Amino acid sequence: PRRIFSGIQPTGQIHLGNYLGAIAQWVKLQENNEDMILSIVDLHSITLPQDPKTLSKNILEMAATLLACGIDPSKVILFQQSMVPAHTHLSWCLGCICTMPRLAHLPAYKEKSANLKDIPLGLFVYPVLQAADILAYKATHVPVGEDQAQHIQLTQDLARMFNNRFGETFPTPHCIFPGSDFARLRSLRDPAKKMSKSDPDPKSRICLIDPPDEIVKKIKKSVTDFTSEVTYDPENRPGVANLISIHSFVTGKTVSQICDEAKNLNTGQYKLQVADAVVSHVAPIQKKISDLLHNQDFLLQVLESGAEKATEISEATLQEVKDKLGLQFKR
Ligand code: TYM
């Protein structure tokens, strides 16, 4: 049977890349009644400096956002990573079989450490903690955007290495990527880059809680090209293709339907249509987020009951791991 695990960092605001690439997939999988566990990975966030007050606020905001997007805590386990001790414990055990060169060439690490004078150890071992997240639940599938592929590959390697050394313990987890361009939504300022929360230019991304006029402005200013027709050609016209992908997601229309309907529009006019569609899609989500944020007790309750269930599963794995490593005595 499948077991699905995925995580998201509670840093800053969720953008359309996270939403289309990850959260929307999770909601779909949830509707298929999959066995699914979702974590707000706060311990991953502190691998870079965080203001404590802002971080607390962001954790609750992430919980509210996931619920507003349709995650239903009665169908899936939703919890805050640091509330479940097995993650860090298993991470240590896996760290002891992982080599440093294996981590040093991972692109996410290279990217994030490039501008740092002093690199925190946590940033370096970040992917080991991610492997522990997944393996603590013996997950078989991990729905993520394309940028996470190497991290899941490391998880597969660590699972195999552990199994080889200590006996069959972990299944090999596989990525689930969303269809079409959603797996790698692009920056609105530079379609060669992915939409990312660490991009210094806020105009490069649309956040779920951006006010409508802000969304319109960002889409109007998005970088496309010098052709005025609306055609879908991700290779040669990545900027326009990115807008079409977003448009297709928020309207549920197919790419060819969209291009057909935009036959008589230039890209400038088309951008306004996309902006309108995005604004109407996110309006009800924004309303739900703000309602939920007024009910902090409820959000904490959801996270606590999720942590209880997650602890039960992950502790069992941890006991097995400790046993296999020779750390556990039976009396
Ligand atoms: P994070 O928090 O950066 O991103 C959360 C999810 O959003 C996806 N994503 C995108 N998808 C498409 N286009 C984009 N432009 C885009 N930007 C982000 C990411 O691929 C991700 O699925 N290391 C992870 C969090 C994590 C995790 C885990 C994930 C920790 N433990 C275990 C899966 C399983 C991260 O930083 O995601």
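Residues numbered from 1 in each chain as written. Predicted model: local features only at pLDDT ≥ 70, side-chain atom pairs only at ≥ 80, totals over all residues. Heavy atoms only, no water.

Asker: Residue-level account of the overall build of the protein, with values.
Answerer: Each helix and strand in the protein was counted, giving 13 helices and 5 strands. Relative to a compact globule of 331 residues, whose C-alpha radius of gyration would be 20 Å, the protein shows 21 Å and is just as compact. The principal-axis extents of the C-alpha atoms in the protein amount to approximately 75 × 45 × 40 Å. Relative to its full complement of 331 residues, the protein shows a buried share of 50%. For the protein, restricting intrachain contacts to residue pairs at least 6 apart in sequence, the fraction spanning at least 24 positions comes to 75%. In the protein, which carries 36 positive and 36 negative side-chain charges, the distance between the mean positions of the two groups comes to 3 Å. (Helix = DSSP H or I, 4+ residues; strand = E, 2+ residues; numbered from the N terminus. Rg over C-alpha atoms; globule rule 2.2 N^0.38 Å. Buried < 20%, exposed > 50% of the residue type's maximum accessible area, 1.4 Å probe, protein only. Contact = heavy atoms within 4.5 Å. Lys, Arg positive; Asp, Glu negative; His and termini not counted. Charge placed at Lys NZ, Arg CZ, Asp CG, Glu CD.)

Asker: Tell me about the side chain of Asp42, and name the residues and values.
Answerer: The residue Asp42 is located in helix 2 (residues 42–45) in this model. Asp42 has contacts with Pro10, Ile59, Gln80, Gln81 and Ser82, leaving out every residue within four places of it along the chain.

Asker: For the packing of helix 3 (residues 52–68) against helix 13 (residues 296–325), give the residues involved together with the corresponding values.
Answerer: Running from N to C, helix 3 and helix 13 point in directions that differ by 85°, and their axes come no closer than 10 Å. Viewed along their axes, helix 3 and helix 13 adopt a mutual orientation that is roughly perpendicular. Across from Ile59, Leu60, Ala63, Ala64 and Leu67 in helix 3, the residues of helix 13 making contact are Gln296, Phe298, Leu299, Leu300, Val302 and Leu303. Within the contact of helix 3 with helix 13, the residues separate by chemical class into 10 nonpolar, 1 polar and no charged. (Axes fitted to C-alpha atoms, helices over the stretch in contact; angles between N-to-C directions. Parallel < 35°, antiparallel > 145°, perpendicular 65-115°, else oblique. Nonpolar A, V, L, I, M, F, W, Y, C, P; charged D, E, K, R; others polar.)

Asker: Any chance you could break down the site of the ligand for me, citing the residues and the numbers?
Answerer: Residues in close proximity to the ligand total 28 residues, the closest being Gln9, Tyr126, Asp133, Asp147 and Leu185. Gln9 is positioned such that a nitrogen or oxygen atom in its side chain is 2.8 Å from an oxygen atom of the ligand. Between the ligand and the protein, one listed contact pairs a nitrogen atom with a backbone N or O atom of Gly17 at 3.2 Å. Taken by itself the ligand offers 720 Å² of open surface, and the protein chains cover 97% of this. Counting residues per element, the ones that place at least two in the shell around the ligand are strand 1 (4–8), helix 1 (16–31) and helix 7 (121–135). A class-by-class count of the residues in the shell around the ligand yields 12 nonpolar, 11 polar and 5 charged. Split by domain, the shell around the ligand shows at least three residues from each of two domains, domain 1 (4–177 + 296–325) and domain 2 (186–290). (Near = heavy atom within 4 Å. Polar contact = N/O pair within 3.5 Å; in protein donor to acceptor, adjacent residues only side chain to side chain. Areas by Shrake-Rupley, 256 points an atom, 1.4 Å probe, with all protein chains shown as cover. Domains from an automatic or database assignment.)

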